[in-house]
Amino acid sequence: MPSIRPTDTDMLGLIDVQPCFMPGGALAIAGGDEVVPAINRLLAGPFVQVFATQDWHPPGHSSFASSHPGRAPFDSIAMPYGPQTLWPDHAIQRSAEAELHPGLDQRRIELIIRKGFRPAIDSYSAFFENDRTTATGLDGWLRARGIRRLFLAGLATDYCVAFSAEDAARLGYHVCVIEDACRGIGLPLPEGGDTIAAAKARLAAAGVRFITAADFVI
Ligand SMILES: [Zn+2]
């Protein structure tokens, strides 16, 4: 039975709904484009308060494998702030594939947080860059708005959605991930399993709930 009815202390966060993360993009996620209609249905229905994030890298960004001679995409390297997965060049500022997807209904998006624009540091989370201390300012904005519960959707389940959800839970928000409005990358892990399963376990332990669009009262 649908049981969730968003109130004025709830907000929907749309994470990196950008063509670079969809089929045909530089860092394509299988089914990544399917989040657009799923999110548009949420935007046409239960949610009136919405923010979005946008991955937004300068050319030659330190998270790109091409910036590290001898390295390949999906290698992991040690950065001053900790381990960093290397990615294909993606989300280059001002490129078409770095825009929010043109099919996304942006009318209710009040705030767009751009992240990953500092050349030497990557940023998965909507709240903090990958050093875990450089704040984006989103927390202050949400608190000023009286928001207590966050619903997250977008790309990718196991990276930017997961890091955002984990930070939000740590900051004291109630957090729900709308699973059918997300898609994951799913990199294999040396210890077995993949990054999607690992992220879900980590988030569940942090108190994050996994829900679907069918849980909303429309
Ligand atoms: Zn990126």
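The rules we used
- Residues numbered from 1 in each chain as written.
- Predicted model: local features only at pLDDT ≥ 70, side-chain atom pairs only at ≥ 80, totals over all residues.
- Heavy atoms only, no water.
- Helix = DSSP H or I, 4+ residues; strand = E, 2+ residues; numbered from the N terminus.
- Rg over C-alpha atoms; globule rule 2.2 N^0.38 Å.
- Contact = heavy atoms within 4.5 Å.
- Areas by Shrake-Rupley, 256 points an atom, 1.4 Å probe, with all protein chains shown as cover.
- Lys, Arg positive; Asp, Glu negative; His and termini not counted.
- Charge placed at Lys NZ, Arg CZ, Asp CG, Glu CD.
- Donors = N, O, S within 2.8 Å, 3.2 Å for Na, K, Ca; no water.
- Buried < 20%, exposed > 50% of the residue type's maximum accessible area, 1.4 Å probe, protein only.
- UniProt positions renumbered as here; feature names shortened; annotations may be inferred.
- Core = buried A, V, L, I, M, F, W, Y, C linked by side-chain atoms within 4.5 Å.
- Salt bridge = Lys/Arg side-chain N within 4 Å of Asp/Glu carboxyl O.

Let's talk about the overall build of the protein chain
Piece 1. Broken down by element type, the protein chain carries four helices and eight strands.
Piece 2. Reading the protein chain from its N terminus to its C terminus gives the helix and strand order β-α-β-β-β-β-α-β-α-β-α-β.
Piece 3. Against the 2.2 N^0.38 benchmark of 17 Å for 218 residues, the protein chain shows a C-alpha radius of gyration of 16 Å, consistent with a compact globule.
Piece 4. Seen through its principal axes, the protein chain has C-alpha atoms that stretch 50 × 35 × 30 Å.
Piece 5. For the protein chain, long-range pairs separated by at least 24 residues make up 72% of all intrachain contacts whose partners lie at least 6 apart in sequence.
Piece 6. Summed over all atoms, the accessible surface of the protein chain reaches about 9,500 Å², with 56% contributed by carbon and sulfur.
Piece 7. Placing the 19 positive and 24 negative side-chain charges of the protein chain at their respective mean positions leaves the two points 6 Å apart.

Description of the coordination of the zinc ion
Piece 1. Looking at the metal site, the zinc ion is ligated by Asp55 (OD), His57 (NE2) and His90 (NE2), spaced 2.0 to 2.1 Å from it.
Piece 2. Mapping the donors of the zinc ion onto the primary sequence gives the spacing D-x1-H-x32-H. Highlighted residues: His57 in the loop between strand E2 (50–55) and strand E3 (76–79) and His90 in the loop between strand E4 (82–85) and strand E5 (109–115), separated in sequence by 33 residues.
Piece 3. A relative accessible area of 3% places His90 in the buried class.

Some thoughts on the UniProt feature "domain: Isochorismatase-like" (unreviewed entry) in the protein chain
Piece 1. UniProt tags residues 14–212 as "domain: Isochorismatase-like" (unreviewed entry).
Piece 2. A helix fraction of 21% and a strand fraction of 22% characterise residues 14–212, whose end C-alpha atoms lie 15 Å from each other.

Describing unusual backbone geometry
Piece 1. For the bond running from Leu155 to Ala156, omega is -10°, close enough to zero to count as cis.
Piece 2. For Ala156, the position within the fold is in the loop between strand E6 (149–155) and helix H3 (157–170).
Piece 3. A positive phi angle, close to 80°, is found at Phe74, a residue other than glycine.
Piece 4. Its location among the elements puts Phe74 in the loop between E2 and E3.
Piece 5. Exposure remark for Phe74: the relative accessible area of 40% places this residue in the partly exposed category.
Piece 6. Even without being glycine, Ala91 reaches a positive phi, approximately 50°.
Piece 7. Mapped onto the secondary structure, Ala91 falls in the loop between E4 and E5.
Piece 8. Classification of Ala91 by relative accessible area gives buried; the value is 0%.

Quick word on the nonpolar core
Piece 1. Within the largest apolar cluster, 63 residues are counted, with the highest numbers of intra-cluster contacts made by Leu14 and Phe127.
Piece 2. The element that contributes the greatest number of residues to this core is H3, accounting for seven residues.
Piece 3. When sequence neighbours within four positions are dropped, the list of residues in contact with Phe127 reads Thr134, Ala135, Thr136, Leu138, Asp139, Leu142, Leu150, Ser164, Asp167, Ala168, Leu171 and Tyr173.

Some remarks on the pattern of salt bridges
Working definition: two side chains of opposite charge can pair if their charged atoms are close together.
Piece 1. Inspection of the entire model under this criterion finds 12 salt bridges.
Piece 2. A salt bridge links Glu166 to Arg202; the nearest nitrogen and oxygen atoms lie 3.1 Å apart. Of this pair, Glu166 sits in helix H3 while Arg202 sits in helix H4 (residues 195–205), and the two are 36 residues apart along the sequence.
Piece 3. Notably, a salt bridge pairs Glu179 with Lys200, separated by 2.4 Å at the nearest N-O pair. Residue Glu179 is found in strand E7 (residues 174–183), and its partner Lys200 is found in helix H4; the two are separated by 21 residues along the sequence.
Piece 4. Given a relative accessible area of 30%, Glu179 falls into the partly exposed group.
Piece 5. Note on Lys200: relative accessible area 31%, which makes it partly exposed.
Piece 6. Connected through salt bridges with shared partners, the residues Asp16, Asp55 and Lys115 form a single ionic network.

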